[in-house]
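Structural characterization, general
The lines below spell out each chain.
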Amino acid sequence: GARLALEAALDEPRIAAAAANALGALELLKSAERLERAVASPDAELAVAATRALGRIGAARSLPLLRATCANARALDLRQAAAAAWLALEDAPEARAFLAGCLTDPAADAGEAELALAAWLERTPFAAETLVRWSALDPEPGSIPKPEQVDARRRARQALLRAP
């Protein structure tokens, strides 16, 4: 069916990343093993998409791979995707700290880090107070914040996560 077709598409360079994204969106846990192999792909786009998909499908079996990828991958976008997927699967202080650092790292995808951390806050009961303070920093609906306002918000959110 669809799962097998999408897994086969992981071997097609032009559509492999889209196939990984689709497997993640469909939350096809049976695809975890195939996605794990794709994380090691020399195709950076596929490796990042497969890593993100593992987090979306809830592949707890992939935790060792995600931890190792976060710690050892050379590419920042792959390490960041691994940290986000890892944090989606378990409360991981190392992943939180890495993503908090990404909030102010000009080389990182700060928006992705912000989304991953917000999702963690939303599903973590002991972080309710932090979530309230985090959400209070959201821009007003319909407003378009200036770059310096976005930077200030991300620095403030980073400080929230570092507070005791």
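This structure is a prediction, so every number in the text was calculated from the model and none was measured.

1. Brief notes about the overall build of the protein
When its secondary structure is counted, the protein shows 10 helices and 0 strands. Listed by position from the N terminus, the elements making up the protein come as α-α-α-α-α-α-α-α-α-α. A principal-axis box enclosing the C-alpha atoms of the protein has dimensions of 45 × 30 × 30 Å. Looking at the 164 residues of the protein, the share that counts as buried comes to 43%. Contacts in the protein between residues far apart in sequence, at least 24 positions, make up 51% of those at least 6 positions apart. Here the protein has roughly 8,900 Å² of accessible surface; of this, 57% comes from carbon and sulfur atoms. Across the protein, 20 positive and 22 negative side-chain charges occur, with their mean positions spaced 2 Å apart.

2. Some remarks on the packing of helix 8 (residues 110-122) against helix 9 (residues 128-136)
Running from N to C, helix 8 and helix 9 point in directions that differ by 140°, and their axes come no closer than 9 Å. By the angle between their axes, helix 8 is oblique relative to helix 9. At the point where helix 8 passes helix 9, the crossing takes the left-handed sense. Within the contact between the two elements, helix 8 uses Glu114, Leu117, Ala118, Leu121 and Glu122 and helix 9 uses Thr130, Leu131 and Trp134. Looking at the contact of helix 8 with helix 9 residue by residue, the classes come out as 5 nonpolar, 1 polar and 2 charged.

3. Digging into the pattern of salt bridges
One pass over the structure, following the stated rule, counts 12 salt bridges. Note that arginine 61 and glutamate 36 form a salt bridge whose closest N and O atoms lie 2.7 Å from each other. Within this pair, whereas arginine 61 is found in the loop between helix 4 (44-57) and helix 5 (63-72), its partner glutamate 36 is found in helix 3 (residues 32-39), the two being separated by 25 residues in sequence. The class of glutamate 36 is buried, set by a relative accessible area of 15%. Between arginine 67 and glutamate 90 there is a salt bridge, with the nearest N and O atoms lying 2.9 Å from each other. Of this pair, arginine 67 sits in helix 5 while glutamate 90 sits in the loop between helix 6 (76-89) and helix 7 (93-102), and the two are 23 residues apart along the sequence. Residue glutamate 90 is classed as partly exposed on the basis of its relative accessible area, which comes to 27%. One salt-bridge network, held together by shared partners, links Glu114, Asp138, Arg153, Arg154 and Arg157.

4. Details of the side chain of glutamate 112
You can see glutamate 112 is positioned in helix 8. On the basis of relative accessible area, glutamate 112 is assigned to the buried category, the value being 15%.

5. Thoughts on the layout of surface pockets
As a volume, the second largest pocket reaches approximately 210 Å³. Residue lining of the second largest pocket: Arg52, Gly55, Arg56, Ala84, Ala85, Ala88, Glu112, Leu115, Ala116, Ala119 and Arg123, and that is the complete set. When residues of the lining of the second largest pocket are assigned to their parent elements, the largest contribution, 4 residues, is made by helix 8. For the lining of the second largest pocket, the class distribution of residues is 6 nonpolar, 1 polar and 4 charged.

6. Remarks on unusual backbone geometry
Despite not being glycine, glutamate 27 shows a phi value in the positive range, around 50°. As for its placement among the helices and strands, glutamate 27 is situated in the loop between helix 2 (16-25) and helix 3.

Parameters at a glance
Residues numbered from 1 in each chain as written. Predicted model: local features only at pLDDT ≥ 70, side-chain atom pairs only at ≥ 80, totals over all residues. Heavy atoms only, no water. Helix = DSSP H or I, 4+ residues; strand = E, 2+ residues; numbered from the N terminus. Buried < 20%, exposed > 50% of the residue type's maximum accessible area, 1.4 Å probe, protein only. Contact = heavy atoms within 4.5 Å. Areas by Shrake-Rupley, 256 points an atom, 1.4 Å probe, with all protein chains shown as cover. Lys, Arg positive; Asp, Glu negative; His and termini not counted. Charge placed at Lys NZ, Arg CZ, Asp CG, Glu CD. Axes fitted to C-alpha atoms, helices over the stretch in contact; angles between N-to-C directions. Parallel < 35°, antiparallel > 145°, perpendicular 65-115°, else oblique. Left-handed = near helix turned anticlockwise from the far one by under 90°. Nonpolar A, V, L, I, M, F, W, Y, C, P; charged D, E, K, R; others polar. Salt bridge = Lys/Arg side-chain N within 4 Å of Asp/Glu carboxyl O. 1 Å grid on protein atoms, 1.4 Å probe; cavity = no way out; pocket = protein on both sides within 12 Å on 5 of 7 lines; lining within 4 Å. Points joined across faces, edges and corners; volume = space filled by probe spheres on them.

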